[in-house]
Amino acid sequence: NLRSPLPITYRIQESSWVGGDFSANLLSLVAKDELQNWSMGGEDGAPKIRITMTKECHHFNRSRNENSNRDNKLSSILHALQELGATYRQELVSAIPPLVLWSCGSNEKDERKEFIVDLCAAPGSKSLQLLDLLHSMNEKGGDANDIPNGLLVVNDSDRHRIITLCQRSRRVPRGPMLAINMDARYFPGIRRKSGYKQKYDKVLADVPCSGDGTSRKNKNVWNEWSIPQAMSLHKLQRKILRRGLELLRPGGLIVYSTCSLNPLENEAVVSSVIDDVGGTDKVKIVPLPPWLTTKFKAMKGLSTWLVPTSKYGKANKEEDVAFDMYECYADVPAKLKSGKITPSMFPVVSDLELKSQLQHCARFVPLKDSIDSGGFFVACLIRLKVGELGEKPKTDKKKSDDETKTDVSEPVKRARVSDDTQIQTVIETDASKAVSPTNELLREGDWICEVCDKLNFGRRDSRTCIGCKKRKPKIDTEEKVKRQPLLKAPCNKNELDPFLDFFGISSSNSTFQNVRIIHRKRERTFVLVSAPVAALSISEQWGAFREAGISLITMPTIPSGEEESENPKHTDITTLFDEAVPLLALHAKKRHINISTISFQKALAQSIFEDLKKETSETERIKTTIDIPLTPLCGNGPWYESHEIATEPGVFIVSCACPLKGDVGRFSFWCRRHTDGSVTTETSSRVLAAMLVVVHTYLEVTPAEGERNNLKWMGVDDTQFFNVD
């Protein structure tokens, strides 16, 4: 029933640095019969994702006082794999929208680029799944960790939530990712360096909703959910879906999804937006894959529904009767038409084709006999024609349903005008209130057209008038400040080649062809992005930008007038980012040692043992991650004394490989050798703790003979290593 708890569900991140196959095999050995492993997709050209979930709604107890050692062990390995980006805890129905977005439409994904945008991305489970699907585009036989030739723009209006998403994405190869912080209703039209606006093949709009389908995981929904809350989100959801349609190229797909089940947030939003933009001739609803709707017994979309008042079910103090529900907008009393109930909430009766297409939507009910997960609504739409989307004509002077109630004396209103505008503004002025340069509405950067006297906001960053399309008058070149690009290509070979040569990476290595540099006041950050991200024109003054690609290293800024040294000293690399270490370990032929799994475990244990002596914010989290006695693993003497490490001080990378059932798990961290010969581990303690749990578990489930076979497979002994400089 709806009050039963949800099973814990994890999705295998196939493109993780650890390895998707290794993670799945290790979990199967540890969990045995505690986990249910199965896959979703893989039919009719759809991608296949692997899911592992607990049986019978079993929840783990990580308490040390419990006697259930198996639960603690399985819980620890799941937590550690998620910390490394190998798995991600994600509700089952949450994985459906990205899978639908990837499955529907064209199957030529291996022959062209994919440009995707996630409008409401945080907390990031669907974004990481889309990133994983982008990596599935890599050619067969290639490495799943190679940078795919695609673009994924993740966006959220909440600054703290988008920062959390960026932190989670650092655990996986994220070269195609660009993270921004904007209101999805006014998502910006990003330009490419060629001057054209970036259009997208796919858009995911998992919009904010009342969450009435989450009752199995959020018990507060039973007491806190209300009809006014659901009705208040209707306008916001319409605007986000409309903006998503504007971002699509002709033939592009958008998936609209909510974790709500009521039609006011679902079918009403989809049908009213399609009707506004020109009907099914411009946008139509695409049927979902049959294997998905059949397997989970999805309910078809509704074509008719009733709209309640905001006080439906509550007694009227005057008449002592419950308020009504209405079938059409004409039946609504005049006092309720002032924004509380709008025409867009009702079914579109004039378009029979649209009414029939609504059955292609799917509603997943949170019951065990259909899908043992939460409730969800999914609709897939395709944009058909080239050109601007239409605007439904207004027949009366009342405001349409997608406009907010504002003071009539306010002269400035925002309205969506075309699909190629970032934020369009329409100025309605009275003849007696002409706008002048001294008007209080003018701000820095605003300008008034000399032809039609329209006020144009500077934040639009447009060169033409919004009214008559007259070009903006040129300003004095002495006062004009040229905007510098954020992601700058290396000026010359002496700027990038020293970094590559430091790790013994060839300058012709295709993986590092799109390294870009973000210049700060005192340092430069080298980031690795995909080709489509490198082709975007992003200004360094753009406040919405958060992160892009894989951060590699930071180096001091070159003083003005000096050239980059062809042979940089070890002090040139200020920081080596944790997310770059697994990538560099795959390509580095210098400053990189590969040791056995037992030696790697010893190095991790000693590093964590030293970190636990310090009182830092990560100490408590490390203690909850590790359920292993460290002292027996530390051994005698520093771990690095038995290895011939580079004599020159500086950073270097330590790696190990863990073969398991024909697959390999890769683990690595970075250290710094000091002038006195000592070595300190610089990788985050949380990452070290997670690697220790996984490696220690691997050694427990792998027989001693298997460990010797590992060394033979690696071609090294316990005291040997690869390519030390």
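Preceding block: the structure.
Residues numbered from 1 in each chain as written. Predicted model: local features only at pLDDT ≥ 70, side-chain atom pairs only at ≥ 80, totals over all residues. Heavy atoms only, no water.

J.: Which parts of the structure should I look at to understand the sheet that holds strand S23 (residues 550–556)?
T.: Strand pairing in a sheet relies on backbone hydrogen bonds. The paired strands run either parallel or antiparallel. Pairing in this open sheet of four strands is antiparallel, and the strands run S20-S21-S23-S24 from one edge to the other. Pairing within the sheet leaves two strands with one partner each, and these edge strands are strand S20 (515–519) and strand S24 (575–576). Pairing geometry for S20 and strand S21 (residues 523–528), over five bridges, is antiparallel. If you follow Ile 518 over to S21, its bridge partner there is Thr 525. (Pairing = 2+ DSSP bridges. Helix = DSSP H or I, 4+ residues; strand = E, 2+ residues; numbered from the N terminus.)

J.: Can you help me understand the pairing of strand S27 (residues 663–673) in this one?
T.: Taken residue by residue, a regular strand's side chains alternate between the two faces of the sheet. Counting buried residues along S27, eight of its eleven residues qualify, which places the element largely inside the surrounding structure. Linking strand S26 (residues 650–660) back to S27 in an antiparallel pair, the connection comprises two residues, with Lys 661 at a positive phi of about 55°. Joining the antiparallel neighbours S27 and strand S28 (residues 679–681) is a turn of five residues, in which Gly 677 adopts a positive phi near 95°. (Buried < 20%, exposed > 50% of the residue type's maximum accessible area, 1.4 Å probe, protein only.)

J.: Looking at this structure, I do not really get the pairing of strand S8 (residues 200–206). What am I missing?
T.: The buried count for S8 comes to seven of seven residues, which makes it a mostly enclosed element. Here strand S5 (residues 114–118) pairs with S8 via three bridges, running parallel. In the strand pairing of S8, Ile 116 is matched with Lys 202. For S8 and strand S9 (residues 248–258), the ladder comprises six bridges, and the chain directions are parallel. Bridging from a neighbouring strand, Asp 206 pairs with Ser 257 of S9.

J.: Would you mind showing me how to read the pattern of salt bridges here?
T.: Any two side chains of opposite charge can pair, on the condition that their charged atoms come close. Inspection of every chain in the model, using the stated rule, returns 22 salt bridges. The residue Glu 700 makes a salt bridge to Lys 73 at a minimum N-O spacing of 3.3 Å. Pair noted here: Glu 700 is in helix H18 (residues 685–701) and Lys 73 is in helix H2 (residues 69–83), with a separation of 627 residues, a long-range link. Note that Asp 183 is salt-bridged to Arg 185, the shortest N-O span being 2.6 Å. Taking the relative accessible area as the measure of exposure, Asp 183 reaches 26% and is therefore partly exposed. (Salt bridge = Lys/Arg side-chain N within 4 Å of Asp/Glu carboxyl O.)

J.: Would you explain a nonpolar patch on the surface in this entry?
T.: Taken together, Leu 306, Tyr 312 and Met 325 make up a surface patch of nonpolar side chains, about 260 Å² in accessible area. Here Leu 306 shows up in the loop between strand S11 (299–300) and strand S12 (307–308). (Patch = residues over 30% accessible without salt bridge, like charges linked within 9 Å, V, L, I, M, F, W, Y side chains within 5 Å. Areas by Shrake-Rupley, 256 points an atom, 1.4 Å probe, with all protein chains shown as cover.)

J.: Help me out: how do you make sense of helix H4 (residues 125–135) in this one?
T.: For an α-helix the count is 3.6 residues per turn, leaving residues at separations of three or four pointing the same way. Of all eleven residues making up H4, eleven are buried, and the element is well covered by its neighbours. Among all positions of H4, only Ser 125, Lys 126, Ser 127, Leu 128, Gln 129, Leu 130, Leu 131, Asp 132, Leu 133, Leu 134 and His 135 are buried.

J.: Explanation requested: the nonpolar core in the structure shown.
T.: Nonpolar side chains in soluble globular proteins generally cluster together in the buried interior. In this structure, Leu 119, Leu 178, Tyr 200, Val 270, Ile 341 and Leu 381 are the most contacted members of the largest nonpolar core, which totals 62 residues. Broken down by element, this core gets its largest block of residues, six residues, from helix H9 (residues 267–277). The residues touching Leu 119, leaving out its near neighbours within four places in the chain, are Asn 155, Asp 156, Ala 184, Phe 187, Val 203, Leu 204, Ala 205, Ile 240, Gly 244 and Leu 247. The next biggest cluster of nonpolar side chains, apart from the first, holds 51 residues, and it includes Ile 595, Ile 608, Tyr 640 and Phe 667. (Core = buried A, V, L, I, M, F, W, Y, C linked by side-chain atoms within 4.5 Å. Contact = heavy atoms within 4.5 Å.)

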